[in-house]
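Here is what each chain is made of, one letter per residue.
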Amino acid sequence: MSKISPCLWFNGQAEEAARFYVSVLGGSVDFVSHYPDDQPTPGPFKGGEVLMVEFTLAGESYQALNGGPEFGFTEAVSLSVSCKDQAEVDRVHDALTAEGGSPGPCGWIKDRYGLSWQIVPREIMALYKSGNGPGIQRMMAVMMTMQKLDAARMKAAFEGESV
């Protein structure tokens, strides 16, 4: 387990969500613990139901906690996925928005559990770091018109080509 691991709060879907994320992004479900049978449990959970799931995505550890309905996800926290190419952007974006997820502006999405993600082509992040102010400004203007990011269109805008 990493020294710092995000802990994601769910209302009964912790194991399902962890297995879904692993299927989309690769990794592993490393440990599943359950509420004890012989002790009172908080909220709606019964003894034997999943309490905590430890899982790994892209070499980073995460936790998924079945904590109940008190808290939900907000856009204040998102997970950013650096994709090697447009095909990976398309695959990850489409998988995470399937079955109740929804696309948002500028590469942001919400998955079926309400967790926010940013799906970003790696080459675009390199252009952001280039220091080319006018290119970045043109690229940002094009990005603001998109939901799923299109690396080719963004790169063309960065380079001053008509898009």
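Being a predicted model, the structure only gives us computed values, none of them experimental. (Residues numbered from 1 in each chain as written. Predicted model: local features only at pLDDT ≥ 70, side-chain atom pairs only at ≥ 80, totals over all residues. Heavy atoms only, no water.)

Draft legend 1. Focus on the sheet that holds strand 6 (residues 102–103). The mixed open sheet is built from 4 strands, whose spatial order is 5-8-7-6. Among the strands making up the open sheet, the edge pair consists of strand 5 (78–83) and strand 6. Two strands pair when backbone bridges link them, and strand 7 (residues 108–110) and strand 8 (residues 116–121) are joined in this way by 3 bridges, in the antiparallel orientation. Counted as the bridge partner of Trp 108 is Gln 118 from strand 8. (Pairing = 2+ DSSP bridges. Helix = DSSP H or I, 4+ residues; strand = E, 2+ residues; numbered from the N terminus.)

Draft legend 2. Examining the packing of helix 4 (residues 133–143) against helix 5 (residues 151–158) more closely. Running from amino to carboxyl end, helix 4 crosses helix 5 at an angle of 145°, the nearest separation of the two axes being 7 Å. At the point where helix 4 passes helix 5, the crossing takes the right-handed sense. Contacts between helix 4 and helix 5 involve Gly 135, Ile 136, Arg 138, Met 139, Val 142 and Met 143 from the first element and Arg 153, Met 154, Ala 157 and Phe 158 from the second. Across the contact of helix 4 with helix 5, the residue classes break down as 7 nonpolar, 1 polar and 2 charged. (Axes fitted to C-alpha atoms, helices over the stretch in contact; angles between N-to-C directions. Left-handed = near helix turned anticlockwise from the far one by under 90°. Contact = heavy atoms within 4.5 Å. Nonpolar A, V, L, I, M, F, W, Y, C, P; charged D, E, K, R; others polar.)

Draft legend 3. Fine view of the nonpolar core. Judged by nonpolar contacts, the single largest core of 26 residues is most densely connected at Phe 10, Tyr 21, Phe 55, Leu 96, Trp 117 and Ile 119. Sort the elements by how many residues they give to this core and helix 1 (residues 14–25) lands first, with 7 residues. (Core = buried A, V, L, I, M, F, W, Y, C linked by side-chain atoms within 4.5 Å. Buried < 20%, exposed > 50% of the residue type's maximum accessible area, 1.4 Å probe, protein only.)

Draft legend 4. Layout of unusual backbone geometry. Positive phi, normally seen in glycine, also occurs at Glu 99, with a value near 55°. Locating Glu 99 in the fold gives a position in the loop between helix 2 (86–97) and strand 6. The exposed category is assigned to Glu 99, whose relative accessible area is 66%. The residue Cys 106 is not glycine, and still its phi comes out positive at about 60°. For Cys 106, a relative accessible area of 15% gives the class buried.

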